[in-house]
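These are the residues of each chain, in order.
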Amino acid sequence: MTLPTAFSSAIDYFRASVDFLDAHSWIYHTANTRFIKAGILEKFPHDYVEYFLHLNNSDLNKFPFLYECDEINNGINSSALQTFRSTLRKLIPKEAYDQPNAQSLAKTLPINRLRKISAKKQHEIIQLSEVILSHCGDVSLLLDFGSGLGYLSESLCLVNQNWCILGLEGDSSRVIAAHKRLQVLMPEARKRVTYKEQFVEANAGEAIKHHIASSGFEDLQTLLDKWAIIGLHACADLSVTAIKLFFELASVKCLVIMPCCYHKLQHTPDGNFVNFPLSAALKTAAAEKDSKIQSYFNRPFLRLACQETSARWRNCSEKEHLAHGKQMFWRAVADAIIDDAAVVKCQQPIKNVCQIESFAGFCQHYEQRSKETDAQHLTVRLWNEEHEEKFNKIFNSYADVGPKLAEALTCLQTTLQKLCENIVLYDRLCYMQEFADAQPDLKLNVQFQKILDEKLSPRCYVLIAEKL
Ligand SMILES: C[S@@+](CC[C@H](N)C(=O)[O-])C[C@H]1O[C@@H](n2cnc3c(N)ncnc32)[C@H](O)[C@@H]1O
């Protein structure tokens, strides 16, 4: 989430990224279930097809790792595909592929006091608690944005006995559940930890002050001037809202927040996003481009930014790739032959060994239903000759190569994923720096740090900002 070394300014980096994405948006701009209907098979450059159809499993696994595998580029006889990899390599910082350092808190935090927490959640909580401890040690009040069931707040209350923690959560049922957990698991902490129902938006400053005043924390006076905003997987707009409130609220000295679910960012009426792009640098780069911004910065772009990273791709077996390619291809065939009033339901998953040889075989796997049905009244629509005709057309052209090309498309998406996430997060960093630069009295330290094992938890970056 930094500027790659090939660039010396944010605007140059964003210009190059926008050019690249505009030229390659065909790789991600439709949902994978619709890639056949959207004509992506026809958009695949011929030499890409040739390359991926003859690629062995080991090289397929290495393809997304742009810094490791020069031998892959040597084996590519398509100059377009070589340029694809070498340009992308300049646009993705090398550190994006690094593993984070293990943190020491894992040994000391009595995580077994926090029941019913998955291994993934434990890992996230331990790593994030460590960062919060090292950056917010002298803070008196932590505001846990999107506190959910309270796992992070509970952990933090064990980590530092001096903190008071106020969880703000938009979903009332989670607030109730978090209170119940606290009462059962650590009743002694109720003097220092509480949760309030609050959907946090950029104008929530006064409401937050009110919640603090009514929190019941002892010695409120000492809490008044040193706060931190924290959050674990603060989804959609919430992490950007946290940035805005960090600047607005003078008492907030520190921000330590892990964003996720970029694809749920709120739309504006004209089809753009309220909180993306944020920085003047990225806005300028997009405005300079002739193509419409929505053709490359769209919901599928944000979905790709928050998809599985390349970490798990590395060890996929041939069987797994084939099974995934088949699922994606035949599901997309189903979508391509139905009309707009229908939806597809998979009857039986397509196994790796299973071959679909005919329309009859296909119909055993997929059912179509009317879109207007509800759960109680499922209307199954019958496959007919018209569907069969469309099916045969695709089958005759693509049955042999379709699953492999579906997996090739996934491979290209996996290779792009780190660029998309870097742009979303680096845009936020630039926005914060631009904001601070415009305030003569504000000195800001801001960075993204990778703190999680991305195989276990793909949204692995924490934004750390401190007012100095
Ligand atoms: C992915 S969950 C993470 C929950 C918790 N931090 C954890 O890691 O277990 C995101 C939480 O944020 C809440 N949320 C999302 N947007 C919010 C907003 N604007 N204000 C308050 N809560 C919000 C959701 O209801 C959900 O509980």
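## Quick word on helix 9 (residues 151–159)
Then, in step 1: Burial within helix 9 is extensive, with 7 of its 9 residues counted as buried.
Then, in step 2: All of the buried residues in helix 9 are Tyr-151, Leu-152, Ser-153, Glu-154, Ser-155, Leu-156 and Cys-157.
Then, in step 3: Next to the buried residues of helix 9 lie helix 8 (119–135), strand 1 (141–145), strand 2 (164–169), helix 10 (172–185), strand 3 (193–197) and strand 4 (227–235).

## A closer look at the site of the ligand
Then, in step 1: Of all residues adjacent to the ligand, which total 17 residues, the nearest are Gly-146, Gly-148, Gly-170, Val-200 and Leu-232.
Then, in step 2: When contributions to the shell around the ligand are tallied by element, the ones reaching two or more residues are helix 9, strand 2 and strand 4.
Then, in step 3: Examining the composition of the shell around the ligand, we find that 3 residues originate from one element, strand 4, more than from any other.

## A short note on the packing of helix 15 (residues 318–337) against helix 18 (residues 402–437)
Then, in step 1: At a closest axis distance of 7 Å, the pairing of helix 15 and helix 18 adopts a crossing angle of 100°. Classified by the interaxial angle, the pair formed by helix 15 and helix 18 is roughly perpendicular. Each of His-321, Leu-322, His-324, Gly-325, Lys-326, Met-328, Phe-329 and Ala-332 in helix 15 lies in contact with helix 18, whose residues at this interface are Gly-402, Pro-403, Lys-404, Ala-406, Glu-407 and Thr-410.
Then, in step 2: Considering only residue class, the contact of helix 15 with helix 18 consists of 6 nonpolar, 5 polar and 3 charged.

## Examining the sheet that holds strand 6 (residues 342–346)
Then, in step 1: The sheet built from 3 strands is open, its strands ordered 6-7-8 with antiparallel pairing. Every interior strand has two partners, whereas the edge strands, strand 6 and strand 8 (380–381), have only one.
Then, in step 2: Sheet topology note: the strand 6/strand 7 (residues 366–370) ladder contains 5 bridges and is antiparallel. Counterpart to Lys-345 in the pairing with strand 7 is Glu-367.

## A look at the nonpolar core
Then, in step 1: Core analysis: the largest hydrophobic core is formed by 127 residues, its most contacted members being Ala-228, Ile-229, Leu-255 and Ile-257.
Then, in step 2: Ranked by residue count, the leading element in this core is helix 18, at 16 residues.

## Focus: the environment of Leu-425
Then, in step 1: Inspection of the secondary structure assignment puts Leu-425 in helix 18.
Then, in step 2: Take Leu-425: there are 19 C-beta atoms within 10 Å of it, and that puts it in the partly exposed class.
Then, in step 3: Sequence separation of Leu-425 and Ala-10 is 415 residues, and the distance between their C-alpha atoms is 12 Å.
Then, in step 4: Filtering out sequence-adjacent residues up to four positions away, Leu-425 remains in contact with Met-1, Phe-448 and Tyr-461.

## A word on the pairing of strand 10 (residues 461–467)
Then, in step 1: Here strand 10 lies mainly inside the structure; 5 of its 7 residues are buried.
Then, in step 2: Examined bridge by bridge, strand 5 (residues 252–260) and strand 10 share 4 bridges and lie antiparallel to one another. Within the sheet, the bridge partner assigned to Cys-254 lies in strand 10 and is Glu-466.
Then, in step 3: The pairing of strand 9 (residues 444–450) with strand 10 spans 7 bridges and is classified as antiparallel. Paired with Asn-445 across the bridge in strand 10 is Glu-466.

## Some thoughts on the sheet that holds strand 10
Then, in step 1: Reading across from one edge, 3-2-1-4-5-10-9 is the order of the 7 strands in this open sheet, with mixed pairing throughout. Two strands in the sheet have a free side with no partner beyond their single neighbour: strand 3 and strand 9. Each strand axis lies, on average, 15° off the axis of its neighbour in the sheet, ignoring direction.
Then, in step 2: As paired elements, strand 2 and strand 3 share 5 bridges and run parallel to each other. Counted as the bridge partner of Glu-169 is Glu-197 from strand 3.
Then, in step 3: Along the sheet, helix 12 (residues 238–248) makes contact with strand 1, strand 4, strand 5 and strand 10, crossing strand 4 at roughly 165°.

## Let's talk about the pairing of strand 5
Then, in step 1: Of all 9 residues in strand 5, 9 are buried; the element is thus mostly enclosed.
Then, in step 2: In the sheet, strand 4 pairs with strand 5 via 7 bridges, with the strands oriented parallel. If you follow Gly-231 over to strand 5, its bridge partner there is Ile-257.
Then, in step 3: As a crossover connection, the stretch from strand 4 through helix 12 into strand 5 is right-handed.

## Overview of unusual backbone geometry
Then, in step 1: A cis amide bond links Phe-276 to the next residue, Pro-277, at an omega of -10°.
Then, in step 2: You will see that His-233, though not glycine, has its phi angle at about 50°, which is positive.
Then, in step 3: Looking at the secondary structure, you find His-233 in strand 4.
Then, in step 4: What makes His-233 partly exposed here is the crowd of 19 C-beta atoms within 10 Å.
Then, in step 5: Positive phi is not limited to glycine here, since Cys-261 has a value of about 50°.
Then, in step 6: Looking at the secondary structure, you find Cys-261 in the loop between strand 5 and helix 13 (280–288).

## Quick notes on the packing of helix 1 (residues 10–24) against helix 13
Then, in step 1: The geometry of helix 1 relative to helix 13 is characterised by a closest axis approach of 8 Å and an angle of 40° between their N-to-C directions. Classified by the interaxial angle, the pair formed by helix 1 and helix 13 is oblique. Relative to helix 13, the crossing made by helix 1 is right-handed. Mapping the contact onto sequence places Ala-10, Ile-11, Phe-14, Arg-15 and Val-18 in helix 1 and Ala-281, Leu-282, Thr-284, Ala-285, Ala-286 and Glu-288 in helix 13.
Then, in step 2: Residues that form the contact of helix 1 with helix 13 fall into these classes: 8 nonpolar, 1 polar and 2 charged.

Calculation rules
For every chain, the first residue of the written sequence is number 1, and numbering continues from 1 along that sequence. Owing to the predicted nature of the model, reporting of local features is limited to residues with pLDDT of at least 70; listing and counting of side-chain atom pairs is limited to 80 or more, with chain, interface and lining totals taken over all residues. Any residue with 12 or fewer other C-beta atoms within 10 Å of its own C-beta is exposed, any with 20 or more is buried, and the rest are partly exposed; the C-beta atoms used are placed from the backbone. Starting at the N terminus, helices and strands are each numbered in turn, a helix being any DSSP run of H or I of at least four residues and a strand any DSSP run of E of at least two. Whether two residues are in contact is decided by their C-beta atoms, placed from the backbone, lying within 7 Å. Residues are counted as near a molecule or strand when the C-beta atom, derived from backbone positions, lies within 6 Å of that molecule or strand. Here an angle of 0 to 180 degrees is reported between the N-to-C directions of two axes, which are lines fitted to C-alpha atoms, with helices fitted over the stretch in contact. Roughly parallel here means an angle under 35 degrees, roughly antiparallel means over 145, roughly perpendicular means 65 to 115, and every remaining angle is called oblique. Under the convention adopted here, Pro, Cys and the residues Ala, Val, Leu, Ile, Met, Phe, Trp and Tyr are nonpolar, Asp, Glu, Lys and Arg are charged, and Gly plus all remaining residues are polar. When DSSP locates at least two bridges between a pair of strands, those strands are taken to pair. One nonpolar core equals one set of buried Ala, Val, Leu, Ile, Met, Phe, Trp, Tyr and Cys residues connected by C-beta atoms within 7 Å. By definition, the crossover connecting two strands over a helix is right-handed if that path, from the first strand to the second, turns clockwise as seen with the strands pointing away from the viewer. For any pair of crossing helices, the crossing counts as left-handed if the nearer helix is rotated counterclockwise from the farther one by less than a right angle, and right-handed if it is rotated clockwise.

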